[in-house]
Amino acid sequence: MIKIAPSLLAANISKLGEEIKKIEDYSDMLHIDVMDGHFVPNISFGVPVVAGLRKITSMQFDVHLMIENPLKYIESFAKAGADIITVHIEAPDNAMKCIQLIKSLGKKAGIALNPDTPPEKIKYLTDDIDMVLQMTVFPGFGGQSMEKQALANIPKIREMIGGKKDLQADGGIYAENCGKLVGLGVNVIVSGTGIFGQKDSAAAAKEIRKAAISGEAR
Ligand code: DX5
Ligand code: ZN
């Protein structure tokens, strides 16, 4: 099933609540990027933002941890209202331990990989995770162009995880290129600039869903 996940990083920060209300009926989850200035050279949202937004929407919160020590913070994000928590395979903390902790807290667990990380690195985790996040840009910033090298990973990951689990792509995604990603095996489309960065974010989310579904039919 195709799922659309607008990325909050591209929303107008001075009115996050209003921004979410505009897209919630046209999206399947809200992608929330957490950056610590160590794992990536940027700082974004933290636990209080997740907790604050939890009060204004029932959307599924898809929390993408781009942080060096996820083990230390997973419980706080779970308590703040995350539904899916994704950690990076490149982070120094033990990925299996992170996934077990996420699941013990009753949340869905995702593993993310950068465009230049071989998919084989996550193979041992595939039975334990609910979702894989293939980065289609190097993490840290919104508004970058897609890294073509990431595309070759997608069919390999889909084969590894089977047809039922979610495979998410994140970075540089718009209506024009999401059909291709779906054709390769992606079913969850993350888009920041392509949705919140557009004049009419609801229309952009609908447009991306339409383009993704047509990619599925191909
Ligand atoms: C990048 C983040 C992405 C980002 C995507 O490090 O993980 O989720 O918000 O932004 P766009 O869609 O603008 O490339
Ligand atoms: Zn992200």
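In case you missed it, the structure is sitting above this.
Sequence positions are assigned chain by chain, starting from 1 and proceeding in written order. Labels are handed out in written order, letters beginning with A for the chains and numbers beginning with 1 for the ligands. A pLDDT threshold of at least 70 governs which residues receive local features in this predicted model, and a stricter bar of 80 or more applies before side-chain atom pairs are shown or counted, although totals over entire chains, interfaces and linings include all residues. Side-chain figures throughout are based on the complete set of non-hydrogen atoms in the structure, without hydrogens or water.

**Student:** Pulling in residues and values, what's your account of the site of ligand 1?
**Tutor:** In this text, near means that some heavy atom of the residue lies within 4 Å of the molecule or strand in question. Surveying the vicinity of ligand 1 reveals 19 residues, the closest of which are S7, G140, D170, G192 and T193. Pairing of N or O atoms within 3.5 Å defines a polar contact, subject to two protein rules: one partner must be a possible hydrogen donor and the other a possible acceptor, and residues neighboring in sequence count only if both atoms are side-chain atoms. Between ligand 1 and S7 there is a distance of 2.7 Å, counted from an oxygen atom to a side-chain nitrogen or oxygen. A distance of 2.7 Å is found between an oxygen atom of ligand 1 and a backbone nitrogen or oxygen belonging to G140. Every accessible area reported is derived by Shrake-Rupley at a probe size of 1.4 Å, with residue values counting cover from the shown protein chains alone. Protein coverage of the free-state accessible area of ligand 1, which is 380 Å², stands at 100%. Elements represented by at least two residues in the shell around ligand 1 include exactly β2 (29-35) and β3 (60-66). Only runs of H or I of at least four residues qualify as helices and only runs of E of at least two qualify as strands under DSSP, and these elements are numbered from the N terminus.

**Student:** Before we move on, could you go through the environment of L184 and cite the residues and values that matter?
**Tutor:** Within the element layout of this structure, L184 appears in helix α6 (residues 175-184). With relative accessibility at 25%, the residue L184 sits in the partly exposed group. Between the alpha carbons of L184 and A152 there is a distance of 8.6 Å; along the sequence they are 32 residues apart. If we skip the residues at most four places from it in the chain, L184 touches L151, I154 and P155. Think of it in three bands: residues with accessible area under 20% of the maximum for their type are buried, residues over 50% are exposed, and the middle band is partly exposed, with areas taken using a 1.4 Å probe on protein chains only. By the convention used here, residues are in contact when the closest approach between their heavy atoms is within 4.5 Å.

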